[in-house]
Amino acid sequence: MPSTSALPSNIKNRSPWLVQVRSKPHLDQQFANGKHKQADSYAQSLISQGYRAKLIQLETSFQLRLRRKGVKQQFITFGSYKQAEQAQLKVESELSVSIIRDYAVAAHTTLRDLMTRYRDEVVPGHKGADIERSRINRILRTEAFVDKKLAALCTEDLQDFTTDRLSEVAPATVDRDLDVISQVIRYSADVWKIAAVESPFVGLRRPKYFNERDRRLKNDEEARLLAAARSDENRYVEPAIILALETAARRGELLSIRKSDVNLEERYALLKDTKNGRSRKVPLSRRAMAVITQLMADCLTDDEPLLNISPNALKIAFFRRVVPASEVADIHFHDLRHEAISRLAESGKFQLIELQAISGHRDTRMLLRYAHLCCGNLADKMDNVGAERTTKDYFHRGRRRHVENVGPILQRKPPATTHVAPSEIALPGNVFSLFGPRAQHPPAR
């Protein structure tokens, strides 16, 4: 370590002072860093008595001083000069945000200040800005804990909020509220460098819920929905339902299709505004082509949307008018997308990658959530498997045996006088696959 005078101005040796006496360890004495004069006086007194004493400063505590414009000076203590020097280099190269973060700012900033700033500066760039803004406004308007300083906000505050909110709304809604608060606190810590020493989300018990839907249209429910939509005052509701069933597109994706995005020759519509931010081409069936052709004839310009209706207007028309008029219970507009993908999946004509190209799912696990086959079809397939099961005899070590085989016949029937081991019998493995051709696997024994 360099001498004290050679240390950088922002690294200070704050170690204690030690007076050492040669061959007299019982006279050694240690003084705090701020008591240099007392340590020097004690050393001089020992020297005047004839002892060989010397005053040294230990190297056990080095203080790094950080200065930032608009923020109080910050002091961080390290156990060695090397650690302090490495921390200084990280600060200068901006490789570490945890060292330069001033936790004192959190004691002067309320959660309301952060959420308001986040709503005004960050939310407008998000895809679901309107919903996120309204959620933040509701929390700012109704919750008292937002006026607490960020440093004083604790897990108990959020736990009480969760308990009270569960008495009013569903667990999924409460979880989304917590997600918004978490995003604000995390963004504040990462970008604005304003954070408490410990996040209030540490130890928080979030509500548990299961909101995956597998709602399928039954019997004449599709016809009833279309009949109610056809008689609705908004003429875009019926084509929206048909396109949702034919293209498996989301509501926002359907409403974003413009006349210029449709290619009638190659039979696809380009979806530019998708959930994951990546555009994709969705193929059009004959039924979808007929609907889109009629909608394109009504468009005055190429930049005009085919479904000239706002998301909120479609939501109100579907939930408040069409669904009650059709008397179809427990149906969401997004269930139509689920129905479309499930129909394609249960047809057995599409590979998994083809379904993924149509639906636009980036993760195949999410696609499997939608591709539920109806129980009736599965039961029929199970019956067919049972009908094909046959029992064949064979001889092993001179004794007649029998084996159950999944398939019409054994591929190789041993002669009556030939002894064949069970492992030598070839069994066809026609195993049902959800997506694509049948995979070849040996049957379970």
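Above: the structure in question.
Values in this document were obtained by computation on a predicted structure and should not be read as measured data.

Novice: Could you clarify how one ought to interpret the overall build of the chain in this entry?
Specialist: The secondary structure content of the chain amounts to 15 helices and 13 strands. Each of the 445 residues in the chain was classed as buried or not, and the buried ones make up 40%. Pairs at least 24 residues apart make up 60% of the contacts formed inside the chain by residues separated by at least 6 positions. Surface summary for the chain: the accessible area is close to 26500 Å², and the carbon and sulfur share equals 50%.

Novice: What's the story with the packing of aromatic side chains in this structure? I'm lost.
Specialist: Centre distance and the angle of the planes are the two values used to describe a pair of aromatic rings. What the rule picks out here adds up to 7 aromatic pairs. Relative to Y81, the ring of F62 has its centre 5.9 Å away and its plane inclined at 70°; by these criteria the two rings are edge-to-face. With F62 in strand β5 (residues 62–68) and Y81 in helix α2 (residues 81–93), the pair connects residues that are 19 residues apart, well separated along the chain. Ring geometry for Y187 versus W192: centroids 5.2 Å apart, planes at 80°, classification edge-to-face. Feature note: the residues Y118, Y187 and W192 constitute an aromatic cluster, connected by ring pairs.

Novice: Before we go on, may I ask you to explain helix α11 (residues 311–326) in this structure?
Specialist: Because the α-helix completes a turn every 3.6 residues, residues three or four places apart line up on one side. Spanning 16 residues, α11 covers 21 Å between terminal C-alpha atoms, matching the ideal 22 Å at 1.5 Å per step. The sharpest bend along α11 reaches about 35° and sits at F318. Residues of α11 that are buried: L314, A317, F318, V322, V323 and S326. Against the buried residues of α11 lie α7 (221–230), α8 (237–247), α9 (251–255) and α12 (334–346). The positive-phi residue at the C-terminal boundary of α11 is E327, with phi of around 60°.

Novice: What's the story with the pattern of salt bridges in this structure? I'm lost.
Specialist: According to the stated counting rule, one finds 28 salt bridges in the structure shown. Between R206 and D175 there is a salt bridge, and its shortest N-O distance comes to 2.8 Å. Highlighted residues: R206 in the loop between α6 (171–192) and α7 and D175 in helix α6, separated in sequence by 31 residues. On the basis of relative accessibility, which here comes to 11%, the residue D175 falls in the buried class. Here E238 and R230 are joined by a salt bridge, their closest N and O atoms 3.0 Å apart. On the basis of relative accessible area, R230 is assigned to the exposed category, the value being 52%.

Novice: In this structure, what is going on with the nonpolar core? I would like to understand it.
Specialist: Soluble, globular proteins show a tendency: their nonpolar side chains are buried together. Judged by nonpolar contacts, the single largest core of 41 residues is most densely connected at I241, L307, F333 and L336. Of all the secondary structure elements, the ones that give two or more residues to this core are α7, α8, α9, β8 (268–271), α10 (286–298) and α11. If you tally residues by element for this core, the top one is α8, at 7 residues. Core analysis: the next-biggest nonpolar cluster, separate from the first, contains 28 residues, A106, L111, I139 and F161 among them.

Novice: What am I meant to see in the sheet that holds strand β3 (residues 29–31) here?
Specialist: Hydrogen bonding along the main chain pairs the strands of a sheet, whether they run parallel or antiparallel. On the basis of which strands lie adjacent, the open sheet formed by 3 strands has the order β3-β2-β4 and antiparallel pairing. For this open sheet the edge positions go to β3 and β4 (53–57), each flanked by a neighbour on one side alone. Averaged over all adjacent pairs, the angle separating strand axes in this sheet is 20°, with direction ignored. Relative to β4, strand β2 (residues 17–21) runs antiparallel, the two sharing 5 bridges. By the bridge assignment, V21 is partnered in β4 with A53.

Novice: What am I meant to see in the sheet that holds strand β9 (residues 280–283) here?
Specialist: Strand order in the open sheet formed by 3 strands is β7-β8-β9, and the pairing between neighbours is antiparallel. Whereas interior strands pair on both sides, the edge strands pair on one side only; in this sheet they are β7 (262–263) and β9. Relative to β9, β8 is paired through 4 bridges, and the arrangement is antiparallel. Pairing of Y268 across the sheet is with P283, part of β9.

Novice: Would you explain the pairing of β2 in this entry?
Specialist: The side chains of a regular strand alternate, first on one face of the sheet and then on the other. The buried fraction of β2 amounts to 4 of the 5 residues, a majority that puts the element mostly inside the structure. As defined by bridge partners, β2 adjoins β3 across 3 bridges and the pair is classed as antiparallel. Note that in β3 the partner of W17 across the bridge is F31.

Novice: What should I look at first to understand helix α3 (residues 111–121) in this one?
Specialist: Of all the residues in α3, the buried ones are L111, L114, M115, Y118 and R119. The arc that holds the buried residues of α3, viewed along the axis, is 130°, so those residues lie on one side. The secondary structure elements touched by the buried residues of α3 are α4 (129–142) and α6.

Novice: Is there a simple way to think about the environment of Y51 in this case?
Specialist: With respect to the helices and strands, the residue Y51 is situated in the loop between α1 (36–48) and β4. Sequence separation between Y51 and K24 is 27 residues; the distance between their C-alpha atoms is 8.5 Å. When sequence neighbours within four positions are dropped, the list of residues in contact with Y51 reads V21, K24, L27 and L46.

Novice: Can you help me understand the packing of α12 against helix α13 (residues 352–359) in this one?
Specialist: Describing two packed helices takes the angle between their axes plus the distance from one axis to the other. At a minimum axis distance of 11 Å, the contact between α12 and α13 shows a crossing angle of 155°. Comparing the axis directions of α12 and α13 gives the class roughly antiparallel. Between α12 and α13 the crossing geometry is right-handed. Along its contact with α12, which presents R337, I341, L344 and A345, the element α13 presents L355, I358 and S359. Tallied by class, the residues present in the contact of α12 with α13 amount to 5 nonpolar, 1 polar and 1 charged.

Novice: Please explain the side chain of Q57 as it appears in this structure.
Specialist: Along the chain, Q57 turns up in strand β4. Separated by 3.1 Å, the side chain of Q57 and the backbone oxygen of N13 make a polar contact. A polar contact of 3.3 Å, which involves the side chain of Q57, links it to the backbone oxygen of S15.

Definitions and cut-offs
Residues numbered from 1 in each chain as written. Predicted model: local features only at pLDDT ≥ 70, side-chain atom pairs only at ≥ 80, totals over all residues. Heavy atoms only, no water. Helix = DSSP H or I, 4+ residues; strand = E, 2+ residues; numbered from the N terminus. Buried < 20%, exposed > 50% of the residue type's maximum accessible area, 1.4 Å probe, protein only. Contact = heavy atoms within 4.5 Å. Areas by Shrake-Rupley, 256 points an atom, 1.4 Å probe, with all protein chains shown as cover. Phe/Tyr/Trp six-rings, centres within 6.5 Å; stacked < 30°, edge-to-face > 60°. Expected span 1.5 Å × (residues − 1). Bend = angle between axes of the 7 residues up to and from the residue. Salt bridge = Lys/Arg side-chain N within 4 Å of Asp/Glu carboxyl O. Core = buried A, V, L, I, M, F, W, Y, C linked by side-chain atoms within 4.5 Å. Pairing = 2+ DSSP bridges. Axes fitted to C-alpha atoms, helices over the stretch in contact; angles between N-to-C directions. Arc of directions from axis to C-beta. Parallel < 35°, antiparallel > 145°, perpendicular 65-115°, else oblique. Left-handed = near helix turned anticlockwise from the far one by under 90°. Nonpolar A, V, L, I, M, F, W, Y, C, P; charged D, E, K, R; others polar. Polar contact = N/O pair within 3.5 Å; in protein donor to acceptor, adjacent residues only side chain to side chain.

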